[in-house]
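Per-entry structural report
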Amino acid sequence: MTKPVVLIAEQLSPATIDALGPDFDVRSVDGTDRPALLAALADANAVLIRSATRIDAEAIAAAPVLKVVARAGVGLDNVDIKAATAAGVMVVNAPTSNVISAAELTVGHILSLARHIPAAHASLAAGEWKRSSYTGTELYEKTVGIVGLGRIGGLIADRLRAFGVRVVGFDPYVTPTRAQQLQVELLSLDELLRQSDFVSVHMPKTPETTGMIGAEQFAIMKPTAYVVNVARGGLIDEAALHEALSAGTIAGAGLDVFTSEPPADGGTAQALLSLPTVVVTPHLGASTDEAQEKAGVSVAKSVKLALEGDLVPDAVNVAGGVIDPFVRPGIALVEKLGQFFTGLAHSAVTSLDIEVRGELASYDVSVYRLAALKGIFTNIVSENVSYVNAPLFAEQRGIETRLIVESESPLYRNITVLRGTLADGTVLTVSGTLAGTRMVPKVVGVNDYEIEVPFERYHLVMRYADKPGIVAIYGQKLGDAGINIEGLQVAHPDASGRALSVLTVDSRVPDDLVDEMREAVSADLFAQIEITEP
């Protein structure tokens, strides 16, 4: 029997090869040699890469029997996930391989800033002896603020407690129970910035979080405070940071990531490198022997599972295992419902029911629970979310989940309902279905409001006291801003006389216009929701 071919396109540790075992025909190729790579992909069932090999649509087209692309690391910028998905190729990575390394590097940056280690080294290496120029500060009894309490944020909190610091945190999706487990005091972002001596950012990079630490935030920080970013370039506004450091608004910064990597000549990031109050490293978060070995071994195990037809823990584009063709179309719907739910939730979710009703009740729909959680966490954690690590994120945050399956569905052939209890005790419900012969994914309910809106990229959801002229108000404001309303549905008022409008717009609405519209219609609920394709 012919063994499946596993192609190694970059240097991987011996432990990676050992993890594959003897059941595969393991071959090697230089992934940066494009003609050689394309030729070698012709009969490859799996390919293992790091960051130098580009697996794009051309490469996937050259690999007719390819089943899985495995990236021995976290980032997937060098893999065309859409092309892989269209070709039925699974993409896997190693999302937790670098968490300890990234946490330790963060602590290293904090210590380097506190004690001026890089500048003192450079001075002494240059033949100077300037002890008094590098007087630092102790971490003991200082306040460290962690923005984003996912896996890495939690590990940093664990490590910093040994220094006798007070750890505070901001994460709108972490429950008080989870924060208590981490021994972190939850604060608003502004309060965290006001109180912290060191601020470390660990949020995912989304339209909402890009530039989340900017001029306004630096203005409320202590002049003795330091900021650290070992997460994603762009979370900190680099121009505002340069200005704050130059003006002495804050004391210093530690940066491992930049908006442009490497920093472009003449750019703001390049200007930051010349400031004496900045400590920089060239994106070293995952650059340890241990992290690299963990990544290789992790994806080798995933490749084995994928080629054996099992559920793959770290698949980023498809769920492994056997899924009935009648169930599969609903996976993307449920993921989008999860994103819609998160967009409407005004506080952390503490429990979640995934209710599947209708003809689907006679099938195995357990993957819908995974899809719902994947959708909920897609835009709120810094790690890549997969079908198996999504439940881990829920567990870490103390979120209880249940899958409820019922055959009764009076209004729709099939309907999926996400019903979540939020930290303030309120209950949020969103419902969705696949409509018509084309199985168009639609949101069909928000709490007690009945709607039927196809999922698109951008939605605005608002609830307000029902009275004449409201639609004209927000329609005028969007029109003046050059934003087109592609779809609009207004649900009938509830018992309190409040109506719900769901708009589909052709572009993201600026935050200041969102605030203006909310005030203009006196909305008690106003959410801008951006849906990304699963």
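Residues numbered from 1 in each chain as written. Predicted model: local features only at pLDDT ≥ 70, side-chain atom pairs only at ≥ 80, totals over all residues. Heavy atoms only, no water.

With that settled, consider the sheet that holds strand β14 (residues 400–406). Sheets are built from strands paired through backbone hydrogen bonds, the pairs being either parallel or antiparallel. Taken in spatial order, the six strands of this open sheet run β14-β13-β15-β16-β17-β18, and their pairing is mixed. Two strands bound the open sheet, and with one partner strand each, they are β14 and β18 (449–454). When the angles between neighbouring strand axes are averaged without regard to direction, this sheet yields 20 degrees. Bridging between strand β17 (residues 440–446) and β18 involves four bridges; their strand directions are antiparallel. (Pairing = 2+ DSSP bridges. Helix = DSSP H or I, 4+ residues; strand = E, 2+ residues; numbered from the N terminus. Axes fitted to C-alpha atoms, helices over the stretch in contact; angles between N-to-C directions.)

Our next topic: the packing of helix α14 (residues 329–344) against helix α15 (residues 366–377). Packed helices, taken two at a time, are described by their axes: the angle between them and the distance between them. Close contact between α14 and α15 brings their axes to 7 Å; oriented N to C, the two are set at 40 degrees. Our classification of the angle between α14 and α15 gives oblique. Here α14 runs over α15; the crossing is right-handed. Facing Gly330, Ile331, Val334, Glu335, Gly338, Gln339, Phe341 and Thr342 of α14, the residues of α15 in contact are Val367, Tyr368, Ala371, Ala372, Lys374, Gly375 and Ile376. Split into classes, the residues belonging to the contact of α14 with α15 amount to eight nonpolar, five polar and two charged. (Parallel < 35°, antiparallel > 145°, perpendicular 65-115°, else oblique. Left-handed = near helix turned anticlockwise from the far one by under 90°. Contact = heavy atoms within 4.5 Å. Nonpolar A, V, L, I, M, F, W, Y, C, P; charged D, E, K, R; others polar.)

Mapped onto the secondary structure, Ser501 falls in strand β21 (residues 498–505). Here Tyr464 takes part through its side chain, which lies 2.5 Å from a polar atom of the side chain of Ser501. (Polar contact = N/O pair within 3.5 Å; in protein donor to acceptor, adjacent residues only side chain to side chain.)

Here the focus is the side chain of Arg178. Counting through the fold element by element, Arg178 comes out in helix α8 (residues 176–182). Buried charge Arg178 goes without a salt bridge, the closest partner of opposite sign being Asp158 at 7.2 Å. For Arg178, the side chain forms a polar contact with the main-chain oxygen of Gln396, separated by 2.3 Å. Residue contacts for Arg178: discarding those within four places in its chain leaves Gln396 and Arg397. (Buried < 20%, exposed > 50% of the residue type's maximum accessible area, 1.4 Å probe, protein only. Lys, Arg positive; Asp, Glu negative; His and termini not counted. Salt bridge = Lys/Arg side-chain N within 4 Å of Asp/Glu carboxyl O.)

The next point concerns the pattern of salt bridges. Tallying each qualifying case throughout the model produces 26 salt bridges. Two residues, Arg27 and Asp25, come together in a salt bridge whose shortest N-O distance is 3.0 Å. Across the salt bridge formed by Glu208 and Arg508, the nearest N and O atoms sit 3.1 Å from each other. Of this pair, Glu208 sits in the loop between β9 (198–201) and α10 (215–220) while Arg508 sits in the loop between β21 and α18 (511–520), and the two are 300 residues apart along the sequence. Bridged by salt links that share partners, the residues Glu208, Arg457, Arg508, Asp511 and Glu530 form one connected network.

As a further point, take the nonpolar core. Core analysis: the largest hydrophobic core is formed by 47 residues, its most contacted members being Phe340, Phe341, Leu344, Tyr368 and Phe377. Sequence-distant contacts of Phe340, defined by excluding residues within four places in its chain, comprise Val430, Val443, Val446, Phe455, His459, Val461, Ile529 and Ile531. Met212, Leu241, Ala244 and Ala253 belong to the second largest nonpolar core, which has 31 residues in total. (Core = buried A, V, L, I, M, F, W, Y, C linked by side-chain atoms within 4.5 Å.)

Take the environment of Val280 next. As for its placement among the helices and strands, Val280 is situated in strand β12 (residues 278–280). In this structure Val280 comes out as partly exposed when scored by relative accessible area, which is 34%. Sequence separation between Val280 and His109 is 171 residues; the distance between their C-alpha atoms is 8.4 Å. In contact with Val280, other than residues within four places in its own chain, are His109, Leu255, Phe258 and Leu273.

Moving on, we come to unusual backbone geometry. Pro262 follows Glu261 through a cis peptide bond whose omega is -5 degrees. Located in the positive-phi region is Glu141, a residue other than glycine, with phi close to 65 degrees. With respect to the secondary-structure elements, Glu141 resides in the loop between α6 (117–125) and β6 (143–147).

The next subject is the sheet that holds strand β3 (residues 46–49). Taken in spatial order, the five strands of this open sheet run β2-β1-β3-β4-β5, and their pairing is parallel. If you trace the sheet from one side to the other, it starts and ends with β2 (25–28) and β5 (90–92), each paired once. Neighbouring strand axes in the sheet, compared pairwise and without regard to direction, differ in orientation by 20 degrees on average. Pairing analysis gives three bridges linking strand β1 (residues 5–8) to β3, with the strands arranged parallel. The residue bridging Leu7 from the neighbouring strand is Val47, located in β3. The strands touched by helix α13 (residues 289–307) are β1, β3, β4 (68–71) and β5; relative to β4, the strand with the most contacts, the crossing angle is about 170 degrees.

Shape is all these values report; function is a separate question.
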